[in-house]
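# Structural features, examined
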Amino acid sequence: MTTASSGIRRSLEDRIVLCADCDATRTLSLLISGNLVCSTCGSDNWMHVPMTANIKETFFIKGEVRVEEDLTVDGRVEGRIVLGDHNLWVAPHGEVNAVIHAKNVIIAGALIGKIPPTEMVEIRLSGSVEASIKCPGVVIPDGAKFNGSIETDAGSETTPTLCLQKTDSAGM
């Protein structure tokens, strides 16, 4: 007899996730015990990253990338990324040198460029950013690499916030 939770587990099997131990996007495997683990290292320390468009690690794109859905960059992009009301995820191995137009930008890889008005920018601990950022919300954890400027948009409907998060690794 199949339960609802095992059905959910099977539907997540072979989905792409971010493995915290591998620090990369991976697929999940279903163990006999029913646990979902990283198919590469066997870790259960993963996070589902919904993505619809993906620039793989072996890709290098120079020019303008226009996508009408969320985008994950595992490879390299130089030029301009236009996502409109969608989200950009720069994966840990991703390298972007571009002007980015997206609703939200999450950076775990390397980014050099400009991020004109957007809703939120989050730089992960593994991220390295050299950019001019203009948005009402910026999240930079203690220890993340950032060089550039941040301008909060006082004219937006949301309250400007700058969150500098302490991490467990900071030892405080």
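As the structure is a prediction and not an experimental result, all values here were calculated from the model.

### So, the pairing of strand β8 (residues 76-82)
Here 7 bridges tie strand β6 (residues 60-66) to β8, and the two strands are oriented parallel to one another. Looking at β8, one finds that isoleucine 61 is bridged to valine 77. Direction of pairing for β8 relative to strand β10 (residues 95-101): parallel, over a ladder of 7 bridges. In the sheet register, valine 77 faces β10, and the bridge partner there is valine 96.

### Regarding the pattern of salt bridges
When their charged atoms lie close together, side chains carrying opposite charge are able to pair. Scanning all chains against the criterion turns up 6 salt bridges. A salt bridge links glutamate 78 to arginine 76, with the nearest nitrogen and oxygen atoms 3.5 Å apart. On the accessibility criterion, arginine 76 (37% relative accessible area) is partly exposed. A salt bridge links lysine 134 to glutamate 151, with the shortest nitrogen-to-oxygen separation between them at 3.9 Å. Here the residue lysine 134 occupies a position in strand β14 (residues 128-134), and glutamate 151 occupies one in strand β16 (residues 145-151), the gap between them amounting to 17 residues.

Basis of the calculations
- For every chain, the first residue of the written sequence is number 1, and numbering continues from 1 along that sequence.
- Local features are withheld for residues below a pLDDT of 70 in this predicted model, meaning they are given only at 70 or higher, and side-chain atom pairs are given and counted only at 80 or more; totals for whole chains, interfaces and linings count all residues.
- By convention in this description, side-chain values take in all heavy atoms of the structure and omit both hydrogens and water.
- In short, DSSP must find at least two bridges between two strands for them to pair.
- Labels follow the DSSP assignment, with helices taken as runs of H or I lasting at least four residues and strands as runs of E lasting at least two, numbered in each case from the N terminus.
- Throughout this description, the term salt bridge denotes a Lys or Arg side-chain nitrogen within 4 Å of a carboxyl oxygen of Asp or Glu.
- When accessible area is computed with a 1.4 Å probe and restricted to protein chains, residues below 20% of their type maximum are described as buried, those above 50% as exposed, and intermediate ones as partly exposed.

By themselves, these figures tell us nothing about what the structure is for.
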